Amino acid sequence: MNRKLKFRLGLGVALVLLSAIVVLYFYVYQSHRDIDAEKAAFETSVSELSQRFLNNPDSSTVTYADQTISIYGNVTALDLKQNTITLDNKLIATTSKDQMNSAKMGELVKLKGRFIGYDELFNELRMDQCTIEE
């Protein structure tokens, strides 16, 4: 009887460990977000969003951090090496090379992407995984 009990206990421990490994694997290797396919949680202008962060940075950070947003403004800078588009001298958005080719200086554009955060020191908004919406 003692051997059967040890066998069952060992089998139970092995099953628990195997289950924990499987759960941990799927937790660590979750599928990545497809920002382009997500619907924007917010739509606003660069000046509006910047003003919200100036008025109440803590509340705005909680509201917008890691959210998919659509935002519009005028292109004020293009950095082809970094693949960044700057809107209204306040929003720096990282995008793909394909998207960079369709942006033109001075043009009013609408971007959709993931909002990363606000830099109080430089008074800049940051986004990544951006696409230009038509």
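## Description of the nonpolar core
Now for step 1: Of all hydrophobic cores here, the largest spans 21 residues; its most connected members are Leu49, Leu87, Leu91, Leu111, Phe115, Leu125 and Met127.
Now for step 2: Going through the elements one at a time, α2 (46–55), β2 (68–79), β3 (84–87), β4 (91–95), β5 (108–119) and β6 (124–133) are the ones with two or more residues in this core.
Now for step 3: Those residues in contact with Leu91 that lie beyond four places of it in its chain are Val46, Ile71, Ile85, Thr86, Leu111, Leu125, Arg126 and Met127.

## Section: the domain arrangement of the chain
Now for step 1: The domain boundaries assigned to the chain delineate domain 1 (1–30) and domain 2 (35–133).
Now for step 2: Centre-to-centre separation of domain 1 and domain 2, based on C-alpha positions: 47 Å.

## Some points on the pattern of salt bridges
Now for step 1: For the coordinates displayed, the defined rule picks out 8 salt bridges.
Now for step 2: Among the salt bridges present, the one from Arg114 reaches Asp128, with a minimum N-O distance of 2.6 Å. One end of the pair, Arg114, is in strand β5; the other, Asp128, is in strand β6, with 14 residues separating them in the sequence.
Now for step 3: Under the relative-accessibility criterion, Arg114 is labelled partly exposed at 23%.
Now for step 4: Linked by salt bridges that have partners in common, Arg33, Glu38, Asp66, Arg114 and Asp128 make up one network.

## Comments concerning the packing of α2 against helix α3 (residues 57–64)
Now for step 1: Where α2 meets α3, the axes come as close as 6 Å, and the angle between the chain directions of the two elements is 130°. What the angle tells us is that α2 and α3 run oblique. Across the interface between the two elements, Leu49, Arg52, Phe53, Leu54 and Asn55 of α2 pack against Pro57, Ser60, Thr61 and Tyr64 of α3.
Now for step 2: Residues of the contact of α2 with α3, tallied by class, amount to 5 nonpolar, 3 polar and 1 charged.

Criteria and cut-off values
- Residues numbered from 1 in each chain as written.
- Predicted model: local features only at pLDDT ≥ 70, side-chain atom pairs only at ≥ 80, totals over all residues.
- Heavy atoms only, no water.
- Core = buried A, V, L, I, M, F, W, Y, C linked by side-chain atoms within 4.5 Å.
- Buried < 20%, exposed > 50% of the residue type's maximum accessible area, 1.4 Å probe, protein only.
- Helix = DSSP H or I, 4+ residues; strand = E, 2+ residues; numbered from the N terminus.
- Contact = heavy atoms within 4.5 Å.
- Domains from an automatic or database assignment.
- Salt bridge = Lys/Arg side-chain N within 4 Å of Asp/Glu carboxyl O.
- Axes fitted to C-alpha atoms, helices over the stretch in contact; angles between N-to-C directions.
- Parallel < 35°, antiparallel > 145°, perpendicular 65-115°, else oblique.
- Nonpolar A, V, L, I, M, F, W, Y, C, P; charged D, E, K, R; others polar.

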